[in-house]
Amino acid sequence: MMKKIGILFGKENSFPQAFIQRVNEKGIKDITAEAVTIDIVEQAKPTDYAVIIDRISQDVPFYRAYLKNAAITGTAVINNPFWWSADEKFFNNALAVNVGVPVPKTVILPSSFRPDDTDENSFRNLKLPMNWDKMFESIGFPAYMKPHSGGGWKSVYRVNDPEDLWAKHAETGQLVMMLQEEIQFKEYFRCYVLGTDNVHIMQYEPRNPHHLRYVIDGPEVDPAILDTVKKYCIRLCKALGYDFNTVEFAVRDGIPYAIDFCNPAPDADINSVGQTNFDWIVENAANMAIEKAQAYKKGKMNLTWGTFVKDQITGKKTPFK
């Protein structure tokens, strides 16, 4: 039986086409790849795809509904759309602490504007005024303020003091924001993680313009730091259950702090990541998708679930390896 691998994408151009081409040119028996085509989406009806790589449903709710329907009828959706819908950055930080990965000190802030259909009575459980002095003492300034759920460097602010925070917080509307300790780093890494344990570490400079952030021929890095970064990448992605993710670390005093590790549709454009990193992600994503297709079992749940979810079902805590 032919097993089809589909990729669902939006504005991006370089990665989807290269991925499809790489899968097909491998010539694996009964495996083919193509761009996903959607016509009628009927409840509980399976798709034609054994595997779908999702690159766009975070921006298109219709696609997210399609992918959940596909997943429940057996398609191996990368990444798990049920978990991705539940996931957000503040929870991820709490999970990182739980699995022993250092993260910056972080608190969550109520939105500047009330959500629609609420009034002052909706917030009767919120102690006002909140203990801002204790929060600011814990986090320190300067700090970063960012949405608790989001990505793409949208609505990220560096704040220098409480007055600066209030002024910028007023610009965020109904977004729920995190206030996070600034890590003054010596080294910074962005890491592709595929299949929860295949790690590609890239030197990265987040202060550069977007197209210059991936560092080519950067300074030599202590191998012990790289080993720790790899270990933390695997630990986080196994707990989250993401098959296609990027994890970012800022290294302060030799300790890698996980800064951003909820990127289930990460940048894979050749014009930003560069040729070497692009070649790695295309080749390894193709291999992963083929393996998923070969392991596919019709009518079964073929999703990846992280240890955080699985441990709640078994009642046992998965040990770190």
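In the block above lies the structure referred to throughout.
Let us look at the structure shown here.

Cut-off values and rules
- Residues numbered from 1 in each chain as written.
- Predicted model: local features only at pLDDT ≥ 70, side-chain atom pairs only at ≥ 80, totals over all residues.
- Heavy atoms only, no water.
- Helix = DSSP H or I, 4+ residues; strand = E, 2+ residues; numbered from the N terminus.
- Rg over C-alpha atoms; globule rule 2.2 N^0.38 Å.
- Buried < 20%, exposed > 50% of the residue type's maximum accessible area, 1.4 Å probe, protein only.
- Contact = heavy atoms within 4.5 Å.
- Areas by Shrake-Rupley, 256 points an atom, 1.4 Å probe, with all protein chains shown as cover.
- Core = buried A, V, L, I, M, F, W, Y, C linked by side-chain atoms within 4.5 Å.
- Pairing = 2+ DSSP bridges.
- Axes fitted to C-alpha atoms, helices over the stretch in contact; angles between N-to-C directions.
- Salt bridge = Lys/Arg side-chain N within 4 Å of Asp/Glu carboxyl O.
- Right-handed = clockwise from strand over helix to strand, strands pointing away.
- Expected span 1.5 Å × (residues − 1).

## Observations concerning the overall build of the protein
Here is step 1 of the chain: Along the protein, the regular secondary structure elements total 10 helices and 12 strands.
Here is step 2 of the chain: Computed over its C-alpha atoms, the radius of gyration of the protein comes to 21 Å, within 12% of the 20 Å expected for a compact globule of 321 residues.
Here is step 3 of the chain: Scored against the burial criterion, the 321 residues of the protein give a buried share of 46%.
Here is step 4 of the chain: Taking the intrachain contacts of the protein between residues at least 6 apart in sequence as the baseline, contacts between residues at least 24 apart amount to 69%.
Here is step 5 of the chain: For the protein, the exposed surface amounts to about 16,600 Å²; the carbon and sulfur share of it is 52%.

## Digging into the nonpolar core
Here is step 1 of the chain: With 38 residues, the main nonpolar core has Ile5, Phe15, Phe19, Val23, Phe244 and Ile281 as its most contacted residues.
Here is step 2 of the chain: With 10 residues, helix H9 (residues 275-295) is the largest single contributor of residues to this core.
Here is step 3 of the chain: In this structure isoleucine 5 touches Phe19, Val23, Ile31, Thr32, Ala33, Glu34, Tyr49, Val51, Ala289, Ile290 and Ala293, once residues within four positions along its chain are discounted.

## A closer look at the sheet that holds strand E9 (residues 187-194)
Here is step 1 of the chain: The 4 strands lie next to each other as E10-E9-E11-E12, forming an open sheet whose pairing is antiparallel. Every interior strand has two partners, whereas the edge strands, strand E10 (198-203) and strand E12 (255-260), have only one. If you compare each strand with its neighbour and ignore which way they point, the axes differ by 30° on average.
Here is step 2 of the chain: Of the strands in this sheet, E9, E10, strand E11 (244-252) and E12 are in contact with helix H7 (residues 223-240), which crosses E11 at around 140°.

## Quick notes on the pattern of salt bridges
Here is step 1 of the chain: Taken as a whole and assessed by the stated rule, the structure comprises 14 salt bridges.
Here is step 2 of the chain: The residue aspartate 30 makes a salt bridge to lysine 29 at a minimum N-O spacing of 3.9 Å.
Here is step 3 of the chain: Residue aspartate 30 is classed as partly exposed on the basis of its relative accessible area, which comes to 30%.
Here is step 4 of the chain: Under the relative-accessibility criterion, lysine 29 is labelled exposed at 70%.

## Side note on the pairing of strand E2 (residues 31-35)
Here is step 1 of the chain: For strand E1 (residues 3-8) and E2, the ladder comprises 5 bridges, and the chain directions are parallel. For glycine 6, the partnering residue across the bridge sits in E2 and is glutamate 34.
Here is step 2 of the chain: After leaving E1, the chain enters helix H1 (residues 14-25) and then returns to the sheet as E2, a path that is right-handed.

## What about the sheet that holds E2?
Here is step 1 of the chain: With respect to topology, 4 strands assemble into an open sheet ordered E2-E1-E3-E4, the strand pairing being parallel. Unpaired on one side and paired on the other, E2 and strand E4 (76-78) mark the two borders of the sheet. Averaged over neighbouring strand pairs, the angle between their axes works out to 20° when direction is ignored.
Here is step 2 of the chain: Packing of H1 onto the sheet brings it into contact with E1, E2 and strand E3 (49-54), and relative to E2 it is tilted by some 165°.
Here is step 3 of the chain: Across the sheet, helix H2 (residues 61-72) lies against E1, E3 and E4, angled at about 145° from E3, the strand it touches most.

## A few points about H1
Here is step 1 of the chain: Here H1 is 12 residues long and its end C-alpha atoms lie 17 Å apart, about the 16 Å a rise of 1.5 Å per residue gives.
Here is step 2 of the chain: The complete set of buried residues in H1 reads Ser14, Phe15, Pro16, Phe19, Ile20 and Val23.
Here is step 3 of the chain: Its buried side turned inward, H1 meets E1, E2, E3, E11, helix H8 (270-273) and H9.
Here is step 4 of the chain: Immediately downstream of H1, the backbone of glycine 27 shows phi near 65°, a positive value.

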